[in-house]
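Remarks on the overall topology
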Amino acid sequence: MTQTHGPQPSSVRFPVQPRLVPATKAARYLHLTLPEFMELLPALQHQGFPRACPITGNYDLVAIDAWQDKRSGLAGSGSGAQSSAEIARARLATLG
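Residues numbered from 1 in each chain as written. Predicted model: local features only at pLDDT ≥ 70, side-chain atom pairs only at ≥ 80, totals over all residues. Heavy atoms only, no water.

**A few points about helix α2 (residues 34-46)**
Heads up, the rule is: A run of DSSP states H or I qualifies as a helix once it reaches four residues; a run of E qualifies as a strand once it reaches two. Both are numbered from the N-terminal end. What a helix is expected to span follows from its residue count: subtract one and scale by 1.5 Å. Two axes enter the bend calculation: one fitted to the seven residues ending at the residue in question, the other to the seven starting there, and the bend is the angle between them. Note on contacts: a residue pair is in contact if any heavy atoms of the two residues lie within 4.5 Å.
The terminal C-alpha atoms of α2 lie 18 Å apart, and with 13 residues this matches the ideal 18 Å at 1.5 Å per residue to within 8%. By the largest-angle criterion, L40 marks the main kink of α2, which is about 50°, and a proline, P42, follows within four residues. On the buried face of α2, the contacting elements are α1 (23-29), β2 (59-60) and α3 (61-72). Once α2 finishes, G48 follows within two positions and takes phi at roughly 100°, a positive value.

**Comments concerning unusual backbone geometry**
At H31, a position not held by glycine, the phi torsion is positive, near 60°. Following the sequence through the fold, H31 ends up in the loop between α1 and α2.

**What to know about the packing of aromatic side chains**
Here is the rule we go by: Stacked, tilted and edge-to-face pairs are distinguished by plane angle, under 30 degrees for stacked and over 60 for edge-to-face with tilted covering the rest, among Phe, Tyr and Trp rings (Trp via its six-membered ring) whose centres lie within 6.5 Å. Residue exposure (1.4 Å probe, protein chains only): buried if accessible area is under 20% of the type maximum, exposed if over 50%, otherwise partly exposed.
If you walk through the whole model with that rule in mind, you get 4 aromatic pairs. Between F37 and F49, the aromatic rings sit 5.9 Å apart at their centres with planes inclined by 70°, giving edge-to-face as the arrangement. Of this pair, F37 sits in helix α2 while F49 sits in the loop between α2 and β2, placing them 12 residues apart in sequence. Given a relative accessible area of 0%, F37 falls into the buried group. F49 gets classed as buried once you look at its relative accessible area, which sits at 2%. Between F37 and Y59 the ring centres are 5.5 Å apart and the planes differ by 85°, which places this aromatic pair in the edge-to-face class. You can see F37 sitting in helix α2 and its partner Y59 sitting in strand β2, a full 22 residues away along the chain. Per residue, the accessibility class of F37 equals that of Y59, and both read buried.

**Quick look at a nonpolar patch on the surface**
The following threshold applies: A residue counts toward a patch only above 30% relative accessible area and without a salt bridge, and it is joined to like-charged neighbours within 9 Å or, for Val, Leu, Ile, Met, Phe, Trp and Tyr, to nonpolar neighbours within 5 Å. The accessible surface values rely on the Shrake-Rupley method and a 1.4 Å probe; as for residues, cover is taken only from the protein chains in view. Any Lys or Arg side-chain nitrogen found within 4 Å of a carboxyl oxygen on Asp or Glu counts as a salt bridge.
A surface patch of nonpolar side chains, amounting to about 350 Å² of accessible area, comprises V12, F14 and V16. In this structure, V12 sits in the segment before β1 (20-21). V12 sits in the exposed class, given a relative accessible area of 55%.

So this is what it looks like as structure tokens:
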């Protein structure tokens, strides 16, 4: 009789897409080499690029997508979000 300890592996296998990735994969996600990514990182972060997790050192792909959506003008579409230009026009219109 063989005793096993701990959970048994599942017979169901499915791929897992990681949300947190190392700098090499974050760079590849932006179509950059790691040296290019590291060189551009301060400028990217100055533009709001998400910082790496302080515990793992990995980058959040969902946060990168949200950052890129915001930069591309796609963030908030359908949520009632307004651009600063739209807000300024609305305020000017109320002034008469």
